[in-house]
Amino acid sequence: MQTKPFRIGTRGSPLALAQAYETRNRLMAAHGLPEDMFEIVVLSTKGDRITDRALSEIGGKGLFTEELESQLLSGELDIAVHSSKDMPTVLPEGLNLSAFLPREDARDAFIGRTAPKLLELPQGAVVGSASLRRQALIRRLRPDLSVIVFRGLVDTRLRKLAEGHADATLLAFAGLKRLGKENVPTEILDPKEFPPAPAQGAICVESRIGDTRMDELLAPINDRPTYDAVTCERAFLAVLDGSCRTPIAGYATCHGEELHFSGLILTPDGQTSHGVEISGPRRDAEALGRKAGEEVRAKAGSNFFDGWS
């Protein structure tokens, strides 16, 4: 019987803490455990500390996970809670993503200061975004706009916008909703026109492979439709060697026992893109994602990827 608290690792941003608290609350409800049986352990990551450069310049997504994964492997943490879209497709040996909470809205939110909609921005307006996918999609829809790098916490980006550093910015709608800021967006972007990042809107829990005690703890809070959808999206990303250096979008939805996936790869300027759609049984989620990745890679040809990294 567990006598000391389960240690839940997280980054220290308000959004990361909201995700850790949601995970803890779901575990409390699922097992009838009191709050003091869970300890939220906050770690600072390199990705949090370096905010003046794009992730692609300083090492990619793993900068948000390295410190947490190190303590997970050493046994100092029992589980770690992450934004699924921050997770590299290859995890450290001995770790896996063992549970996904029910997915929030996966769409992107547009926050306009000088116009309420992306297509209504004046010619030459400045849009701030740290995401290469968002940058490429903005340039695809509005090649006249100037796109600059915006990094930092949600409140930091919103403050920069209010101070006039840009005419607009884009954020994940899921994160804004989790922070109680669902009224901040001036437009919610259509995922057909502006497809989300693979795994956007999903919270995942990372644990040690073979830790049956944690597997049993997490099983009741694992949302199978989210698990299957994100598994498909991450498989697509893995085939394309997806990282913060590649503009890639992908979104899977479950319909009964069927899964539908649509994916897109773009050049950074947004002017060349290749899309793919695929459907099949949910039980084949990973294989469907890989197949979609192989199809879009074949469509694009090897030259398409030259110069990305």
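Counting restarts for each chain: residues are numbered from 1 in the order of the written sequence. Note on the predicted model: pLDDT of at least 70 is required for a residue's local features to be given, and 80 or more for side-chain atom pairs to be given and counted; whole-chain, interface and lining totals, by contrast, use all residues. To get the side-chain values, take all heavy atoms of the structure and skip hydrogens and water.

For the protein, the name recorded in an unreviewed UniProt entry is Porphobilinogen deaminase, with Agrobacterium arsenijevicii as its organism. UniProt positions are given in the numbering used here, feature names are shortened, and annotations may be inferred rather than shown by experiment. Looking at the Sequence similarities (unreviewed entry) heading of the UniProt record, one finds this comment for the protein: "Belongs to the HMBS family." Recorded under Pathway (unreviewed entry), the UniProt text for the protein is reproduced unchanged: "Porphyrin-containing compound metabolism; protoporphyrin-IX biosynthesis; coproporphyrinogen-III from 5-aminolevulinate: step 2/4."

### Examining the sheet that holds strand 13 (residues 273-281)
Here, strands pair whenever DSSP counts at least two bridges between them. Strands here mean DSSP runs of E at least two residues long; helices mean DSSP runs of H or I at least four residues long; both are numbered from the N terminus. Overall, antiparallel pairing links the three strands, which are arranged 11-12-13 in an open sheet. Here the strands that pair on one side only, and so sit at the sheet edges, are strand 11 (248-255) and strand 13. Strand-to-strand twist of the sheet, defined as the mean angle between neighbouring strand axes without regard to direction, takes the value 10°. When strand 11 meets strand 12 (residues 258-266), the two strands line up antiparallel, connected through eight bridges. Counted as the bridge partner of Gly-250 is Gly-263 from strand 12. Strands strand 11, strand 12 and strand 13 of the sheet are contacted by helix 5 (residues 132-141), whose axis makes an angle of about 75° with strand 12. In what follows, a contact means two residues having at least one pair of non-hydrogen atoms within 4.5 Å. Angles shown run from 0 to 180 degrees and are taken between the N-to-C directions of axes, each axis being a line fitted to C-alpha atoms and, for helices, limited to the stretch in contact. Where helix 10 (residues 285-300) meets the sheet, it contacts strand 12 and strand 13, and its direction lies at approximately 155° from that of strand 13.

### A look at helix 6 (residues 154-162)
Buried residues of helix 6: Val-154, Arg-157, Leu-158, Lys-160 and Leu-161, and no others. The arc that holds the buried residues of helix 6, viewed along the axis, is 155°, so those residues lie on one side. Where the residues of helix 6 are buried, they touch strand 5 (108-112), strand 8 (168-172) and helix 7 (173-178). In the stretch just after helix 6, Gly-164 is the one whose phi turns positive, near 90°. Partly exposed residues are those whose accessible area sits between 20% and 50% of the maximum for their type, while under 20% is buried and over 50% is exposed, using a 1.4 Å probe and protein chains only. The arc in question is formed by the directions pointing from the helix axis toward the C-beta atoms.

### Thoughts on helix 10
Along its 16 residues, helix 10 runs 23 Å from first to last C-alpha, staying within 8% of the 22 Å computed at 1.5 Å per residue. Taken as a whole, helix 10 has its buried residues at Ala-285, Leu-288, Gly-289, Ala-292, Gly-293, Val-296 and Ala-300. Projected down its long axis, helix 10 carries its buried residues within an arc of 135°, all on one side. Taken together, the buried residues of helix 10 touch helix 9 (224-239), strand 12 and strand 13. In the segment just after helix 10, Gly-301 is the residue with positive phi, at about 80°. Helices are assigned an expected span. That span is 1.5 Å times one less than the residue count.

### Regarding the sheet that holds strand 8
Read across the open sheet, the five strands follow the order 7-6-8-5-9; overall the sheet is mixed. Strands with a single pairing partner mark the edges of an open sheet, and in this sheet they are strand 7 (146-148) and strand 9 (187-188). Where helix 6 meets the sheet, its contacts fall on strand 5 and strand 8, and the angle it forms with strand 8 comes to roughly 165°.

### As for the packing of aromatic side chains
For this analysis, a ring pair means two rings from Phe, Tyr or Trp (six-membered ring only for Trp) whose centres lie within 6.5 Å, classed as stacked if their planes differ by under 30 degrees, edge-to-face if by over 60, and tilted for the remaining angles. Scanning the model with the defined rule gives three aromatic pairs in all. Ring centres of Phe-100 and Tyr-227 lie 5.5 Å apart, and the angle between their planes is 80°; on these two criteria the pair is classed as edge-to-face. Here the residue Phe-100 occupies a position in strand 4 (residues 95-100), and Tyr-227 occupies one in helix 9, the gap between them amounting to 127 residues. Classification of Phe-100 by relative accessible area gives buried; the value is 2%. Geometrically, a lysine NZ or arginine CZ counts as sitting over a ring once it is within 6 Å of the ring centre and also within 35 degrees of the ring normal. One residue, Lys-160, lies across the ring of Phe-150, its end atom 5.4 Å from the ring centre. Arg-224 extends its terminal NZ or CZ atom over the ring of Tyr-227, reaching a point 4.5 Å from the ring centre.

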